[in-house]
Amino acid sequence: MDILISGLLLGGTYALVAMGLNLQYGVARIMNLANGETLVLGALAAFLAFTAISLSPLVTMLVVAPLSFAANWVAYRLLLRPLVKRAKSPGQLEVDSILATFGISFALVGLMVSIHGEYYTYSFLARPIEILGTTVAENRLVAALVAAGIGAALVGWLNFTRTGTAVRAVSVDRQAAQLVGINVARVSALAFALGGAVTATGGTLISTFITLDGSMGVIFTMKALIIVIMGGVGDLRGSIIAAIVLGLVETAVASLIDPGLTLVSAYVIFLGILLFRPQGLFGKRNA
Amino acid sequence: MNRRTLLSRTTAGLTTLAAASLLSFTALAADTIRIGTVAPKTGPLAGGALVSQWPNVDLWIQEVNERGGLKLKDGQKKIELVAYDDKTNPTEHIKAVQRLATQDKVDFIIAPYGTGFNIAAAPIYAKYDYPQIAVTSVTDQIGELTERYPSLFFTLGSTTAFVEGLRDVLVKLKDEGKINNKIAMVNVADAFGIELAEVARPTFEAAGFELVYDKSYPLGTPDLSPIVKGAKATDADSFVAWSYPPDTFGLTEQAVIEDLNVKVFYTAVATAFPAYGGKFGAQIENVLGAGGVNPDTPEMQAYRTKHEEVTGKAPDYWASANTYASLQILETAIEAVGEVNREAVTDYIKTHTFDTIMGPISFENQNSNRFWTVGQWQGGVFRGVVSSNIDGAVDVKLKDGWK
Amino acid sequence: MTAKGWKDLVLIGVLVLAAAFVPLVTDGYWLSIAVTAMMYIALTTAWTLFSGPTHYISLATGAFFGVGGYLVATGMSDHDLPFWLMAAIAPVVSVVLAALIGAATLRLSGIYFVIFTLGLAEMIRGLVSWVQNNFLGSRGLYVLTDFTEAHIYWMLLAIAATVYVIGWLIDRSRLGFAMKIIGNDEGVAKHLGIDTARAKVLLFMVTGFFSTLVGAIVAPRYSYIEPNQVFSPELSFMVVIMALLGGTQKLWGPIIGVIPFILIWETITASFPNATTLYLGLCFLAIVYFLPNGVVGLVQKIIAKGRSA
């Protein structure tokens, strides 16, 4: 029971890390290596607001989400859209977006370090709470609940609204989407901005229970890449399930075998899944 | 343009250039002494360096320049700092130190931050005769390294000394009947944690302890709750973690949440950070950690006040003081020699005793045996409880819950 | 084509000879830059050997490099084995590793292959730390040798030159021809009866061998090895970035990608010591927008202009 609950909470954390990248890569086709930095930026905002004016990260989150949405929208239109336009092939876009977002990630690290170079330490909801006989931290529980909320909202939006359907269409086939009158450029910008908003929101929540600093983004970028690929590009459900699987596996291994093997086991699961399903859990061939 | 005007213009240009460079050269030679430093501002070690290293460099330079500079034979010289960010990357670090030595031609270099970086850079310091007072460096190879690099000095102690410091605390408490002989030990699976745990296993066992829980966790583990739960499931009275900054915070937070009821709770690096006290407040009363200071001496009090005044934040209770003391040593040695003669300064450091904020420091075989190994949070201050040759250790207290 | 191929080889020969003199001219700062550049040249050329023709972007460089550095360090520190023995064993270990990775990744393509190699490298990093922690134990991994920067530089130069020559030979062999077809269309290659699997795995093994050798040679430069540092995912990314900047279609692409990259990097580091990372990022963006086809594209454009003029 311990393992199940702690594992689900960790899975929620991972979902926060990965859902945004899934939207950005799956729909807008931008392999965003600055994903982790977006997350840490959210964490920095939460830390600064908490230490300066004791603002609850849950309030900060509500401010960070729209800000990040706007910033990512602008970043997509100004920085990434030109690359999409100029790319003659998907391969070239991949190369260009890797280089560009790598540059953005460096710039963001530099920016964050100049704002606050030390660890983002503060204490928020670091209290125990009992769920079904298991002691968990309140801040982790809150993060997992918000993750579940965001995940459910996104899946619902993608499946039951017009815009959501357009987003899914773009993720499946850009050309066909264009042909049926979907404004691909707009939908891509929307997905990219939404992804950025989700990631930054995740950052504000994660900062309540993991001590971060300006240089740690890359850890989250890598985790997000692994989860998105494991779940299958372009399918949000895949990412959510992959996140939960990783959370459960890591917690189980840490509790039953050896905490030293948590990350190893996570990667073994990842590699194993790709060996049997080369397109990820929910991926489609030639997606 | 005929040949003569070309010639005269060129000559005039060259003369101006030469005059300008001569002027700037003499200006530099007369007024300032150039001191370089390379340490991380980004990357995994930046969070620590921005607490223990950079503020002390700033503080020291400000203080020296405020009183007119370093007193040399040909007058007082202000310090001009040349600083680079090594991004916590050894390749970058090596390049940057080379740049300081051969391009910027700085007069002295402040030693790097971190064990690996001090060792990686040591050949360069040795090649150009820069004295290297390696503060933030904990290794069991002090003998071999100082033999190899004649201008390398250590001040923070060896890996074994750190483990033995903690062992002494535990043995004392066990002999007084205050704790049982069971220890739950964890370590971060990185060079530092692996080395300390490796030394700790035989050391603790030889002292009559039993390691009832002995696990590692990878760097960057996002959820440490299984580890704390695992330790809680044992009947150990002591919890020892050879941990790094992010996980020192994480383990402590989980211990609060799980109400890990041990009588000795020890985490390694970052326990001495003011941010640690800031985050946990009164909950961490009687938590033990690596390092420590004696905050009651007048020198230390003056230092702490000045540090807050100049840098706007409090120094940590461990490496900050050692770092500042190492700069005082450099300062004294340079002024005593009275000129930029690096070999003479190195020799001076080897053979003299220095008054620092940590009391008198001298080197034997390039190693100072004056450092704190274990400290404890008592009443909002992280006080040294075990030292090597420093007075002012306070008695260890038992951890009594997390409220 | 053949004549031009030979011309390329001669040109490289001259460059290698010229490069060999660098340590005689300078021994301080510029040599340390040269060592760094040479390390990346060797790594990116080895990377391009596989990834250039196949278009498979591998993020496994860090894993191979780490195996080299780690085995040398653990052999020397914990078992008192000589440097050369370990430097010889490490690449062999990696060849086996590369064969396994190659065989495992045959079904993967595109981004799935990229992230698979990243995950694999991270798994190896975690596994090595765990094994060392629990079974080998260590009181610190020291690689203390008497090598100077010049020695390391020459060894790296020799590796880089060897990789280039091997690449040149492969280019002219049946294997090279097969790789080009695979890169264009794997389906076609299969229909033509090319054993695509064997070709890919073979090439990946060559890449693994040399990346590991570089790691082993660079270990004495670091002196003190931390597993988490040598198995660096950052290194894998840097190699990819430099190779992409240079352009991956020509084997000499990496060379002209690495050198300007290192020089720009240095200039920024030296000019903006307080905000290096920020300016590096901005500089990256500038390169992407103003040099759309990498440095190779720029060079080719200049050559083309020169001809038409």
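Residues numbered from 1 in each chain as written. Chains lettered and ligands numbered in written order. Predicted model: local features only at pLDDT ≥ 70, side-chain atom pairs only at ≥ 80, totals over all residues.

Counting its secondary structure elements, chain C contains 15 helices and two strands. With the principal axes as the frame, chain C shows a C-alpha extent of 65 × 50 × 35 Å. When each of the 309 residues of chain C is scored for burial, the buried share is 55%. Long-range contacts, defined here as pairs at least 24 residues apart, represent 79% of the contacts in chain C between residues at least 6 apart. (Helix = DSSP H or I, 4+ residues; strand = E, 2+ residues; numbered from the N terminus. Buried ≥ 20, exposed ≤ 12 C-beta atoms within 10 Å, placed from the backbone. Contact = placed C-beta atoms within 7 Å.)

Across its full length, chain B holds 14 helices and 15 strands. Structurally, chain B occupies a C-alpha span of about 95 × 45 × 40 Å along its principal axes. A burial count over chain B gives 59% of its 403 residues as buried. For chain B, long-range pairs separated by at least 24 residues make up 65% of all intrachain contacts whose partners lie at least 6 apart in sequence.

Further remarks concern the interface of chain A and chain C. Taken together, the contact between chain A and chain C spans 35 residues of the former and 32 residues of the latter. If you tally residues by element for the side of chain A that touches chain C, the top one is helix α4 (residues 90-115) of chain A, at 16 residues. Class assignment for the residues of the side of chain A that touches chain C results in 25 nonpolar, eight polar and two charged. (Nonpolar A, V, L, I, M, F, W, Y, C, P; charged D, E, K, R; others polar.)

This next bit is on helix α10 (residues 236-257) of chain A. Here α10(A) spans 31 Å end to end across 22 residues, near enough to the 32 Å set by a 1.5 Å rise per residue. The buried fraction of α10(A) amounts to 16 of the 22 residues, a majority that puts the element mostly inside the structure. (Expected span 1.5 Å × (residues − 1).)

Time to look at the pairing of strand β1 (residues 128-131) of chain A. Consecutive side chains along a regular strand alternate between the two faces of the sheet. Residue and element names in this part refer to chain A. Pairing between β1 and strand β2 (residues 134-137): four bridges, direction antiparallel. Bridge pairing links P128 to A137 in β2. In sequence, β1 turns back onto β2 through a hairpin of two residues, with L132 there showing a positive phi of about 45°. (Pairing = 2+ DSSP bridges.)

This part takes up the UniProt feature "domain: Leucine-binding protein" (unreviewed entry) in chain B. Residues given the UniProt feature "domain: Leucine-binding protein" (unreviewed entry) here are residues 32-369 of chain B. Across residues 32-369 of chain B, helical content stands at 47% and strand content at 20%; the span's end C-alpha atoms are separated by 33 Å. (UniProt positions renumbered as here; feature names shortened; annotations may be inferred.)

To continue, consider the UniProt feature "transmembrane region" (unreviewed entry) in chain C. Following the UniProt record, the feature "transmembrane region" (unreviewed entry) maps to residues 30-50, 57-77, 83-104, 111-131, 151-170, 201-224 and 278-299 of chain C here. Summarising residues 151-170 of chain C: 100% helix, 0% strand, and an end-to-end C-alpha distance of 29 Å.

Taken residue by residue, the interface counts 29 residues in chain C and 31 residues in chain B. For the side of chain C that touches chain B, the elements supplying multiple residues, two or more each, are α3 (29-54), α6 (110-136), α10 (196-222), α11 (227-230), α13 (253-271) and α14 (276-290) of chain C. Examining the composition of the side of chain C that touches chain B, we find that five residues originate from one element, α6(C), more than from any other. Among the residues forming the side of chain C that touches chain B, the class breakdown is 10 nonpolar, 16 polar and three charged.

Residue and element names in this part refer to chain B. Strand order in this open sheet of four strands is β2-β3-β1-β4, and the pairing throughout is mixed. Because the sheet does not close on itself, it has two edges, and the strands there are β2 (70-72) and β4 (108-110). Pairwise comparison of adjacent strand axes, ignoring direction, gives a mean angle of 35° for this sheet. Pairing geometry for strand β1 (residues 32-39) and β4, over three bridges, is parallel. The residue bridging I35 from the neighbouring strand is F108, located in β4. Most of the contacts of helix α13 (residues 319-337) go to β2, to which it runs at about 25°, and overall it touches β2 and β4. (Axes fitted to C-alpha atoms, helices over the stretch in contact; angles between N-to-C directions.)

Not every positive phi belongs to a glycine, and B:K87 is a case in point at roughly 55°. We classify B:K87 as buried; it has 24 C-beta atoms within 10 Å.

This part takes up the domain arrangement of chain B. All names here are of chain B. Here chain B is partitioned into domain 1 (31-158 + 296-372) and domain 2 (159-294 + 373-388). Once you take the C-alpha centre of each, domain 1 and domain 2 turn out to be 29 Å apart. Of all the elements in the fold, those that place two or more residues in the side of domain 1 that touches domain 2 are α2 (46-52), α5 (115-127), α13 and β14 (371-378). Considering every element that reaches the side of domain 1 that touches domain 2, the biggest residue donor is α2, with three residues. In terms of residue class, the side of domain 1 that touches domain 2 is built from 10 nonpolar, nine polar and five charged. (Domains from an automatic or database assignment.)

Residue and element names in this part refer to chain C. Within the fold, Y40 resides in helix α3. On a C-alpha basis, the gap between Y40 and I255 in space is 8.7 Å, while along the polypeptide they are 215 residues apart. Excluding anything up to four places from it in sequence, Y40 contacts V239, M242, V258 and I262.

Turning to the environment of C:F272, a few remarks are in order. On the secondary structure map, C:F272 appears in the loop between α13 and α14. On a C-alpha basis, the gap between C:F272 and C:R198 in space is 48 Å, while along the polypeptide they are 74 residues apart.

Residue and element names in this part refer to chain B. One open sheet accounts for seven strands, arranged β8-β7-β9-β10-β11-β14-β15; its pairing is mixed. Because the sheet does not close on itself, it has two edges, and the strands there are β8 (210-217) and β15 (381-388). Adjacent strand axes in the sheet meet at a mean angle of 20° when their direction is disregarded. For strand β11 (residues 288-290) and β14, the ladder comprises three bridges, and the chain directions are antiparallel. The residue bridging G289 from the neighbouring strand is G375, located in β14. Against the sheet, helix α9 (residues 225-232) contacts β7 (182-188), β8 and β9 (238-242), and its axis sits at roughly 175° relative to β8. Helix-sheet contacts for helix α10 (residues 245-258) involve β7, β9 and β10 (264-267), and the interaxial angle to β10 is about 155°.

Attention shifts here to the environment of B:G193. Residue and element names in this part refer to chain B. Tracing the backbone shows G193 in helix α8 (residues 191-206). Distance in space between the C-alpha atoms of G193 and Y217 is 9.7 Å, their sequence separation being 24 residues. When neighbours within four sequence positions are excluded, G193 is seen to be in contact with N187, V188, S216, W242, S243 and Y244.

This paragraph deals with the nonpolar core. Grouped together as the largest cluster of nonpolar side chains are 350 residues, with contacts concentrated most on A:I227, B:F239, C:M38, C:A42, C:L156 and C:V214. Per element, the largest residue contribution to this core is 16 residues, and it comes from α3(C). Not counting residues up to four positions away in its chain, the partners in contact with B:F239 are B:A184, B:A231, B:L260, B:V262, B:V264, B:F265 and B:Y266. (Core = buried A, V, L, I, M, F, W, Y, C linked by C-beta atoms within 7 Å.)

A separate point is the packing of α3(C) against α10(C). Residues and elements named next belong to chain C. Where α3 contacts α10, the axes come no closer than 9 Å and their chain directions differ by 170°. Of the possible angle classes, the one that applies to α3 and α10 is roughly antiparallel. Across the interface between the two elements, M39, A42, L43, A46, W47, L49, F50 and T54 from α3 touch K200, L203, F204, V206, T207, F210, S211, V214 and V218 from α10. Residues belonging to the contact of α3 with α10 are distributed by class as follows: 13 nonpolar, three polar and one charged. (Parallel < 35°, antiparallel > 145°, perpendicular 65-115°, else oblique.)

Before going further, it helps to examine the pairing of strand β12 (residues 353-356) of chain B. All names here are of chain B. Because side chains alternate across β12, one face comprises the buried residues F354 and T356, and the other comprises T353 and D355, none of which is buried. Direction of pairing for β12 relative to strand β13 (residues 359-362): antiparallel, over a ladder of four bridges. Note on β13: the bridge partner recorded for T353 is S362. Hairpin connection, β12 to β13: the antiparallel pair is bridged by two residues.

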